[in-house]
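# Secondary and tertiary structure notes
Below, each chain spelled out in residue letters.
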Amino acid sequence: MAGVTSINLVERALLVSIQDDITDTEILELQDRLSNRIAQNRIDGVILDISALEIVDTFVGRVIAQLAGISKLLAAETYVVGMRPTVAVTLVELGMYLPEIRTALSLTHALAQLRRV
Amino acid sequence: MAQSATANILTVLDTDFKGIIEEWLGTQVKEGVKRSDLFSDAESRAQNRELLKAFSKGIRDGVTGEDFDLDDDQWDDLRAVLADVSRERVSRGVTPTEMATFVLALKAPLFKRLEALETSDHSVLIRDVMLVTRLVDAFAIYTNEIFINEREQIIDRQRQEMLELSTPVVELWDRVLTLPLIGTLDSARAQEVMENLLQTILERQAEVVIMDITGVGTVDTQVAQHLLRAAAAVRLMGAECIISGISPMIAQTMVQLGIDVGTVSTRSSIRTALSDALLTVGYVIKKTGDQ
């Protein structure tokens, strides 16, 4: 296993940095751990930093959408930050507009928006 | 009849090289394609001499039996000279028809001399005439090809330039970008626009993007699709997208076509879009004094 994706608490949000070499099993395991963490702590939001991701497919897109759905059910907003232009174009071309997630340019922007809530 | 098919043609070319050039020029004048207004007499003569020299060299080396292929190495010289002459003539405004007639005018002087040379055997004369016709025709077709290639290169270059010119992303204010779209939005351009825009968002860390379509003549389902995809990609990057410049006409068409813009904000003018955008990044436009 290449390494467990860490979940860090920043202010009242959970920060998850997704690495480029993340495997399908890891991302499913991450989904499970993240759900538990949101339920345990009192969390306003989840910030998924995907700036390291260079390639996405429908699977990753769907998992991101699911993560957003799960955190929403647990009363936390999901922000996807740092998406690369090529990734954005790919997702749009795959028809995955991900309307359920919120997006921000960077971690700073996401935190600023979370504070406003 | 042991002699090769090109022997007579070569004899004609060798014995009266100068005469052929003069008569070729004469035919050009008669056909009205010499264009003395664009080329001096000396220039025309030099061009003709070069062409005929390369032509006879090609015949000497490049024709086997009665077959030839203008793409062979033996015709390199002719192709090069022809390309030069065509380019020179085209750049001075000679039409392709004139250029082809110019080349075809070479037939008459050659035929006349072949006829004078071969008086006894008509089948040989016909064979020679056929070969010259095929050669000169191939020669003329090749000039046309050069002409078309030249044009195509120009069109390609201009299209490329238009593509680059037509997708400027302008920074209006800190973190506010605008993209004035003008003309038609086809798939290639939409792709270029989108990539350019997303890259600039990343570089400038822009939070709001105004896509202004005032200059877009018509919005059909495909154009709308391109716009909405660009807007979706902008949102995924974490910026907000406002589509401005939607005229009443376009608004009506979009509704009639059943285009759903979803959560993308739309404004009728870039003016309202700008004040909204500035508000989003924390600025207001304020009037000074009572002017």
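Scroll up to find the structure this text is about.
First, a word on scope: everything that follows refers to the structure included in this document. (Residues numbered from 1 in each chain as written. Chains lettered and ligands numbered in written order. Predicted model: local features only at pLDDT ≥ 70, side-chain atom pairs only at ≥ 80, totals over all residues. Heavy atoms only, no water.)

### With respect to the pattern of salt bridges
Residues and elements named next belong to chain B. Counted by the stated rule, this structure contains 23 salt bridges over all chains. With a closest N to O distance of 2.8 Å, E23 and R113 form a salt bridge. Of this pair, E23 sits in helix 2 (residues 17-31) while R113 sits in helix 6 (residues 107-117); the two residues are 90 residues apart in sequence, bridging distant segments of the chain. The exposure class of R113 is buried, given its relative accessible area of 16%. Put simply, D137 and K107 hold a salt bridge, and the shortest N to O gap is 2.9 Å. (Salt bridge = Lys/Arg side-chain N within 4 Å of Asp/Glu carboxyl O. Helix = DSSP H or I, 4+ residues; strand = E, 2+ residues; numbered from the N terminus. Buried < 20%, exposed > 50% of the residue type's maximum accessible area, 1.4 Å probe, protein only.)

### Structural notes on a nonpolar patch on the surface
There is a patch of nonpolar side chains on the surface, built from V170, L172, W173 and Y283 of chain B and spanning about 330 Å² of accessible area. Structurally, Y283 of chain B can be placed in the segment after helix 11 (270-280). (Patch = residues over 30% accessible without salt bridge, like charges linked within 9 Å, V, L, I, M, F, W, Y side chains within 5 Å. Areas by Shrake-Rupley, 256 points an atom, 1.4 Å probe, with all protein chains shown as cover.)

### So, the pairing of strand 1 (residues 7-10) of chain A
Residues and elements named next belong to chain A. As paired strands, strand 1 and strand 2 (residues 13-17) are joined by four bridges and run antiparallel to one another. Paired with N8 across the strands is L15, a residue of strand 2. Where strand 1 hands over to strand 2, the hairpin turn is made up of two residues, of which E11 adopts a positive phi near 50°. (Pairing = 2+ DSSP bridges.)

### Let's talk about the sheet that holds strand 5 (residues 102-104) of chain A
Strand pairing in a sheet takes place through backbone hydrogen bonds and is either antiparallel or parallel in direction. Residue and element names in this part refer to chain A. Read from one edge to the other, the open sheet built from five strands follows the order 1-2-3-4-5, with strand pairing classed as mixed. Two strands bound the open sheet, and with one partner strand each, they are strand 1 and strand 5. Each strand of the sheet is rotated relative to its neighbour by a mean of 30°, with strand direction disregarded. Relative to strand 4 (residues 77-81), strand 3 (residues 45-49) runs parallel, the two being bridged by five bridges. Residue G45 lies in a different strand from strand 4, and its bridge partner there is E77. Against the sheet, helix 2 (residues 58-73) contacts strand 3 and strand 4, and its axis sits at roughly 150° relative to strand 4. (Axes fitted to C-alpha atoms, helices over the stretch in contact; angles between N-to-C directions. Contact = heavy atoms within 4.5 Å.)

### With respect to the packing of helix 3 (residues 41-62) of chain B against helix 4 (residues 76-91) of chain B
Residue and element names in this part refer to chain B. The N-to-C vectors of helix 3 and helix 4 enclose an angle of 155°; their axes lie 8 Å apart at closest approach. Considering their axes alone, helix 3 and helix 4 lie roughly antiparallel with respect to each other. The two elements helix 3 and helix 4 cross, and the hand of that crossing is left-handed. Across the interface between the two elements, S44, Q47, E50, L51, A54, F55 and K57 from helix 3 touch D77, L78, V81, L82, V85, E88 and R89 from helix 4. Of the residues in the contact of helix 3 with helix 4, the class split is seven nonpolar, two polar and five charged. (Parallel < 35°, antiparallel > 145°, perpendicular 65-115°, else oblique. Left-handed = near helix turned anticlockwise from the far one by under 90°. Nonpolar A, V, L, I, M, F, W, Y, C, P; charged D, E, K, R; others polar.)

### Looking at the nonpolar core
With 70 residues, the main nonpolar core has L198, I201 and M211 of chain B as its most contacted residues. When residues of this core are assigned to their parent elements, the largest contribution, 11 residues, is made by helix 9 (residues 221-237) of chain B. In this view, L198 of chain B contacts P85, A88 and V89 of chain A together with A233, V234 and M237 of chain B; residues no more than four positions away in its chain are not counted. By size, the runner-up hydrophobic cluster in this structure holds 42 residues, among which are L78, L110, L131 and V136 of chain B. (Core = buried A, V, L, I, M, F, W, Y, C linked by side-chain atoms within 4.5 Å.)

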